[in-house]
Structure formats: structure tokens, C-alpha cells
Number of protein chains: 2
Amino acid sequence: MFAELEELGKQARQVARMLRTLDTNVKDDALRAIAETIEENEFDILSANSEDIEAGRAAGLDEHMLERLLLTESRLASIAADVRSVAALPDPVGESFDARALSNGLRISKRRVPIGVIGVIYESRPNVTVDIAALCLKSGNAAILRGGKEAANSNRALAGAISTGCEKVGVPREAVQLIASQDRALVKDMLTANAYIDMIIPRGGPGLHTFALENATIPVITGGIGVCHVYVDAGADAQKVLPIVYNAKVQRPTVCNALDVLLIHSSVAGDLLPKIADDLARAEVALRCDSRALAILRGHPLVSAAGPADFDTEFLSLVLAVRVVDDLGEAIDHIYRHSTQHSDAIITEDYSNAMRFVDEVDSAAVYVNASTRFTDGGQFGLGAEVAISTQRLHARGPMALRELTTYKWIVLGDGQVRA
Amino acid sequence: MFAELEELGKQARQVARMLRTLDTNVKDDALRAIAETIEENEFDILSANSEDIEAGRAAGLDEHMLERLLLTESRLASIAADVRSVAALPDPVGESFDARALSNGLRISKRRVPIGVIGVIYESRPNVTVDIAALCLKSGNAAILRGGKEAANSNRALAGAISTGCEKVGVPREAVQLIASQDRALVKDMLTANAYIDMIIPRGGPGLHTFALENATIPVITGGIGVCHVYVDAGADAQKVLPIVYNAKVQRPTVCNALDVLLIHSSVAGDLLPKIADDLARAEVALRCDSRALAILRGHPLVSAAGPADFDTEFLSLVLAVRVVDDLGEAIDHIYRHSTQHSDAIITEDYSNAMRFVDEVDSAAVYVNASTRFTDGGQFGLGAEVAISTQRLHARGPMALRELTTYKWIVLGDGQVRA
């Protein structure tokens, strides 16, 4: 094992045992001190980020990578605000639930406790450093972070501010540790460091997730890959269709909850598809159409025939696959076969169809008449998020404080033995 | 991939989509039909089990393996009763929770849904076949079971009864499928069959768990390894000590929640250890003692010096490691270093010590004044169990119906888009 990782791991284990029982007030003080330190260090952090952006441009990173990497004054202010909002959230640790008395007099309950040490492997977005630090700290976990080399300067500046903030209120600076080495072999070591890390969260593209799944012996939270669908039903309100489709596709196309595939009922496609295409043309969205959609939109600028992979692609850019279906069942079947179970929506005024969609589509977030862009810890009222899980164990969808905890059973007796 | 596994996997996926929305009544009817079929087939099942026992004896299985493998009339009756008690439990599927309205008018909630297809790899105990089938069925999951070769006949007979029971009420017999092949290479294939299996539960010794962790790309629930402690505090009630220690060690020594390590406060060790040793001598429990316990018990039959591994061993037999400690902190530290975080207990009448033990010992089940043998789905009122998790993700301790589910977020809107 890499010496750096072993060193960080030992410190994390030690700090985790102390964080586990830390007072909520102290944790909240640390979070507010972190927000403050980030604001105080704004100039340094943005300078560090500029270096990363410059290096990224020189290395030929594409625009959507650069957009994810970029910090601005307003993004930094919103990062600090998110940290304060985490401080304002209730502490999940210590919560007692599922309590009951058994007939033999034993009193059993579950108590929420931190997971321990969280390892996070992520790529370009430096805000992840702060989001995760804040959520781990509030939930009583130690964190070991391994950011991407393209954000190395930004992450170092942000992690420095986090450690300084912790120290200001007497929390060990090792509560959140950033791995300095950019050696890729270290990632593999990290995935098998069972002695030091209890949960691994990979945040990045499909390559990273597959690598983590194939190499980890520590439990991994997979997620963040969203091939997201909107199905426009025969009973859709046309007034809702255009804003939802536009918002889901265009508002921030580089993230996982952005729309990738539009399914539309054949009875309304002739009327609505041209309007949708015109609307999306404002943002120059390219449409990759199945044969029936193509027949309706032929001649429209930015329209082309869909290739075989287009209905299984997370575009992360202004591209949308379009397919005409003949009924709700066909739409649900399409989603069953192609969705990554992230976020899928129906637009309809038909009550039974809405209920059937909600029952039968088994994604982390299932929507009726709303944009898929809401699948987000902040938007769901969780304060921030460490990841959006698309796996089925432990947590699904946005993961925040509670999802960084586990529980223990507490059994209070008076001498009971098993018969 | 093994053709048999691929075939079973495809069928399981198909059935899982149907089980997901199956009425509770139908699932309960299936469970009652399974219990009935097991009772009707008692003679065949016990005959099949006798063949396994005979073959096991010929192959030189040790007594505790044979004890785990054995089915008797009363064990079979209790297996059938457990299935009926699962039928009587509330169905976790469909439960709505964490519902709230956001300020933008979106109504969000979580709905409990089945995980999908559960793969279980287990060793000698044939009752696992039925426990898991019942819990998976009730929670709307399909199951693919891979039992040990030493229980092959028993498992075949039980799985046959399960499929017959399902068919009696129109549930597809493929809801629960037993893998016929005993090729060990198939297990590796099963651990990476992500297309067909959503969660793997290994039930067996440390070797199986390590193998699953190292080879699986599917999320694995690890557990069942219990190095369990009882700490006898200075403030212990001597009337409770003997029954609890005896019960925890002797009542069923071959299972994971049985006691392995006794820690005892130095101020009461001189008085209580000889009494405990005498009491345990009724069951011929061998004591492996640290130097201070040895000094107290020297000359006592069945007492010897502990070796270096004895405080990290799950004995699964009538052996108990014993250590004298000077205070509660030393006991908690010992448990922190040596426990597998399964089940650990304190015996004390001191309120503050009880609370501190409960706060600081971070095991799946933490006990005050009760036997560790209660860590069990049935005993905790869950009806039965698929496993006892000692990992920190998804579920800890006994896993039953709710732990075989996940949730989806449901978001009901009226045209909302993200600002």
C-alpha cells in the first residue's frame, strides 16, 4: 500500500473514533468556520482554480469539462452557503428509531451512528471537495478525498480552508484529508484499504464507476450516470411540455440529471414535436430521432437519424434522442430496457397513467409533471449531497447526511437469556 | 458465464419484474402454501437430509458442521412455523415515508420497493434455503440460491417444496431457484453477474466472505462472523452473570452470536471467575485465560493459557477466552480492537457504565444485561432473517423483510422547472 494512503488511513481511523461522539454544536461551529475560511480565502481559491483552468485548456480539456472545473465568485459563495445550510440541518447522529419492547421484557431500538471513514474518488468538480467534507463532518465521519489531477490546485486550496476551519474550533484537521499523490495506482490501493475505509464513493464517469466496482473490496456507492427520460403522454398539457423538456435538457446539460431521451406518444407527436424542436433550437439542441420522429421533423435544422447507441447514451451536452411510442406501456418498456434508473419523468394530465408510471418505473427518482433536474440533495431539501446513487443498496438518489450514517441495535435487558 | 446461471438469471429478472408489484395477499398465500408443502413432504425432506448427514459423516465433517446440517421433525416444524410467521408480518413493499411538500409545490416522498434479484451463497444449514425464500418472496424479490454440496439433497427437497408451494397459488416457480451445479467456479460467475443479480448475501465462514468481497462486482452483504464479548463490570449483579454467560456460551455454541470472549473487572474476578468456571464446567467449556485470569483459575479443570489468536477467534465450539481488565475503558478498548462488531454485552448495575458502553461500543448489537444469543431476526421480532450483517452499509444486524427492500423517490409536480 502507498505510504501516504496508509498514513492518512491511520489518522482517519483515529479521528473517526473521536468524531463519532462529537457534540453537534462543535460540528456546526466547525462548519461555520469552514464557510468563513472559504470566504476569507476567496482570492487564493479562485487563483488556484484559474491555474487549473489554464492547465486544463492547455491540456485540451473539452468545454464541458472546463465548465465543471470552473469556480467563480458566485459559485464559491454558493459553496460557502451550502456549508452553512448543512450546519443548520438537524444532526442525524444519535437518533433513536424502531424502538419496541419484546414480550420477554427486552427493550430494543436502533440508534443512528456514523459510518466511520468515507473514501471519495472524484474527477473535475472542485465543489465536491467542500460538499463532501461538510456532509461527512456533520454526520460524524472522517473523509479521505482523492480528487482529479485537473482540479489539483483548486482542491488543495479548498482542503486547506477546510482544515483551517476545523482547527479554528478545535476539531482535528485530519477529519478531512486530501490525498496529494496523483499516481493512478493509489486509487486501486484505496479501493482495497478495508482496514481504513468503510465506504467508497466514486464520483465521475462510467469508467471510474466500473473500475471501482471491479477493484473494490470496500462497499462502493455507484451512481451519477443518468440516461434520463421524459415521456410526453397523450394526455400531456402542452403548456407544461415545452418548459419541462427545455429545462431538463438545457438548464445544465453537463450533469447527470439532465434529460437524454424524449419519448412522445404518437397521438401528440405530430403537433408537439415541431414545437419542442423549435423551442430547443433556441439553445441549439441537436435531436437524434427514431424513424417516426424523423418523419415528423424532417428538414428541421439540427435533426438527424439516431444511431444504435443514442438511446443508451448519457450525452452531457446539448444532444437529445427522440422516439415516438404508441402507448404508455411501450414508454415504460423502453425505460425498463434503457434507463440507468436515475431520473425519469412523465408529463400527463391523465391520473391513471401518472399512477401507473410511478408504480412501474423503478428509478431512483420518478417524476410526474416536473423537470428531472430536481434530483439533487439541495433541491430535495437535504442541504447538499455526496452523490446520487443509482444502485439499489443502502441509499438511492441524492445521498446526504442520513445516508452517511448506519445504525446499531441497542438491547437493554434485566438478565434475559435465550430459551 | 455458466449456462445454468445465465438461464436462471434471465428467468429471475423476468419474474422479479412481476413480483415487484404482486399483491400482498398472493404473496402470503404462497408462503402458507410453502409451509403446508414442507409439512406434507416431511418424510421426503428428512430422508434427503439423512442422506446428507450420512455422506457428511463419511466425508469426515466435524460434529458442529453436522449439527448445523441436521434437520429433525421439530426443526422442520419450526421452519414451517417461521414461514407462516413471515406471512403474518406486514408487507414492507409500497410503504411511503419521508413525505414532504417543497416550497416550489413539489410533493416528494420515498416509496419502499423490492431490491430485485437476491443471490445467496451458503454452506451447511438447509433451513437457510427456506428462510431466504420466504423473506425474498414476501419482500417481492426473486432469489437465486447456491447452497453447499454437503446439503445438496436437503436443499433440493426444500427448494422443490418451495416451488410447488408457489405453483399452488399461481406464483411462478422461478421466484426461488436453486443452482444445481456444485462447480466452485460458478460461484465466481455468480459474484459478477451484475446483469442478473442485485445483491449477494454470502452465509458461511470467513473464507466465503473474503472470497465474495474480493471477487464480487455486485454489492455484497458481509456478516455472520461474530467474535462476541461479554464484559462483567465491577457493578455486575452476580445473579445475572452466571445465567447470561452460560446462555451466551452454551445454548448454541455453533452459531455466530455465541459468546467467544469474557472480559471481567479485576475487582470482581477473584470472586466471580471461579463461579463462572464451575458453572461452565457443567457443559465442559474450555477456558483460554490471560495471565491474570489464569492466576485466579489455576488448577481448575479445562483451564489453559490463551494463545495469541484466542482473542480474535470465533470458536463456534465450547471454548471461551477470558481476560481480566482494570476498568470499563480497558474493556471498551479491547472490544474496539478485537470485536467483529457483531454482538457485545455488558453486565452491570451501574447506570453510567451501561450508558457509556452503549455509546462507545459500536457493534451491530450492543447489550446491557442480556445474552448475546438474542441477535437474531426471529428473536428481534422480524419473523426470520436472511443474514446478520456486520458491515456498515445498507443494514446492520439481523436482516429481514425491510432490509430486502430499497426505495424510490416519487416527485409529483404541476409543471415545475429548476431555476
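Predicted model, so just to flag it, every value in this text is computed and none were measured. (Residues numbered from 1 in each chain as written. Chains lettered and ligands numbered in written order. Predicted model: local features only at pLDDT ≥ 70, side-chain atom pairs only at ≥ 80, totals over all residues.)

S.K.: Help me understand the interface of chain A and chain B, please; the structure alone is not making it clear to me.
M.R.: It is common to report an interface's size as the accessible area lost on association of the parts. At the junction of the two partners, chain A supplies 56 residues and chain B supplies 56 residues. If you list the elements that add at least two residues to the side of chain A that touches chain B, you get β2 (107-114), α9 (206-215), α10 (238-250), α14 (351-360), β13 (365-370) and β16 (405-416) of chain A. Ranked by residues supplied to the side of chain A that touches chain B, first place goes to β16(A) with 11 residues. Of the residues belonging to the side of chain A that touches chain B, the class tally is 26 nonpolar, 17 polar and 13 charged. (Contact = placed C-beta atoms within 7 Å. Helix = DSSP H or I, 4+ residues; strand = E, 2+ residues; numbered from the N terminus. Nonpolar A, V, L, I, M, F, W, Y, C, P; charged D, E, K, R; others polar.)

S.K.: Mind showing me how you'd approach helix α7 (residues 152-168) of chain A here?
M.R.: Structural remark: α-helix, 3.6 residues per turn; residues separated by three or four positions point the same way. Residues and elements named next belong to chain A. Between its first and last C-alpha, α7 extends 24 Å over 17 residues, near the 24 Å set by a 1.5 Å rise per residue. Within the sequence span of α7, burial applies to N153, S154, N155, A157, L158, A159, A161, I162, S163, G165 and C166. Its buried side turned inward, α7 meets α2 (24-40), α3 (42-58), α6 (127-138), β4 (142-146) and β5 (176-178). Phi for G170, located one or two positions after α7, is positive at around 85°. (Expected span 1.5 Å × (residues − 1). Buried ≥ 20, exposed ≤ 12 C-beta atoms within 10 Å, placed from the backbone.)

S.K.: For this particular structure, what's the right way to read the packing of α2(A) against α6(A)?
M.R.: Axis angle and axis distance: for two packed helices, these are the angle between their axes and the distance between the axes, and together they describe the pair. All names here are of chain A. Two elements in contact, α2 and α6, have axes whose closest approach is 9 Å; the angle formed by their N-to-C orientations is 165°. Considering their axes alone, α2 and α6 lie roughly antiparallel with respect to each other. Read as a crossing pair, α2 and α6 show a hand that is right-handed. Residue-level inspection shows K27, A30, L31, I34 and I38 of α2 in contact with α6, the latter providing V130, A134, L137 and K138. The residue makeup of the contact of α2 with α6, split by class, is 7 nonpolar, no polar and 2 charged. (Axes fitted to C-alpha atoms, helices over the stretch in contact; angles between N-to-C directions. Parallel < 35°, antiparallel > 145°, perpendicular 65-115°, else oblique. Left-handed = near helix turned anticlockwise from the far one by under 90°.)

S.K.: Got a minute to help me understand unusual backbone geometry in this structure?
M.R.: With glycine set apart, most residues show a phi of negative sign, and most peptide bonds adopt trans. With phi around 60°, Q341(A) is a residue other than glycine that occupies positive phi space. Given 25 C-beta atoms within a 10 Å radius, Q341(A) is considered buried. Although it is not a glycine, D98(B) adopts a positive phi angle of roughly 55°. Mapped onto the elements of the fold, D98(B) is located in strand β1 (residues 96-101). On the neighbour-count criterion, D98(B) (13 C-beta atoms within 10 Å) is partly exposed.

S.K.: I keep staring at the relation of the copies chain A and chain B and nothing clicks. Help me out?
M.R.: Here the two chain copies are tied together by a rotation about an axis and a shift along that axis. Screw-axis analysis of chain A against chain B gives a translation of 0.0 Å along the axis, an RMSD of 0.0 Å, and a rotation angle of 180°. Here the two chains are linked by the operation of a two-fold rotation axis. Distance from the rotation axis, computed per C-alpha, reaches its smallest value in chain A at H394(A): 1.8 Å. Comparing contact sets, 100% of the residues at the interface of chain A also lie at the interface in chain B, consistent with an isologous, same-surface contact. (Least-squares fit on C-alpha atoms with pLDDT ≥ 70 in both.)

S.K.: Explain α9(A) here, please?
M.R.: Residue and element names in this part refer to chain A. Buried within α9 we find H209, A212 and L213. In an axial view of α9, the angular spread of the buried residues amounts to 95°, which keeps them on one side of the axis. Elements that come into contact with the buried residues of α9 comprise β3 (117-122), α8 (184-191) and β6 (199-203). (Arc of directions from axis to C-beta.)

S.K.: Is there a simple way to explain the sheet that holds strand β3 (residues 117-122) of chain B in this structure?
M.R.: Pairing between the strands of a sheet is mediated by backbone hydrogen bonds and can be parallel or antiparallel. Residue and element names in this part refer to chain B. The strand order β5-β4-β3-β6 describes an open sheet built from 4 strands, whose pairing is parallel. Across the chains shown, the open sheet's two edge strands, defined by having one partner strand only, are β5 (176-178) and β6 (199-203). On average, adjacent strands in this sheet sit at an angle of 20° to one another, irrespective of strand direction. Of the strand pairs in this sheet, β3 and β6 are connected by 5 bridges, and their pairing is parallel. The partner of I118 across the bridge, within β6, is M199. Lying over the sheet, helix α1 (residues 3-19) contacts β3, β4 (142-146) and β5, oriented at roughly 150° with respect to β4. Against the sheet, helix α7 (residues 152-168) contacts β4 and β5, and its axis sits at roughly 155° relative to β5. (Pairing = 2+ DSSP bridges.)

S.K.: How should I be thinking about the pairing of strand β12 (residues 343-347) of chain A in this particular structure?
M.R.: In the case of a regular strand, side chains alternate between the two sheet surfaces. All names here are of chain A. Counting buried positions along β12 gives 5 out of 5 residues, so the element sits mostly inside the fold. Residues S343, A345 and I347 of β12 are buried on one face, and the alternating residues D344 and I346, pointing to the opposite face, are buried as well. Here 4 bridges tie strand β7 (residues 228-232) to β12, and the two strands are oriented parallel to one another. Residue pairing across strands places H229 opposite D344, the latter belonging to β12. As for the winding sense of the linkage, the β-α-β connection from β12 through α14 to β13 is right-handed. (Right-handed = clockwise from strand over helix to strand, strands pointing away.)

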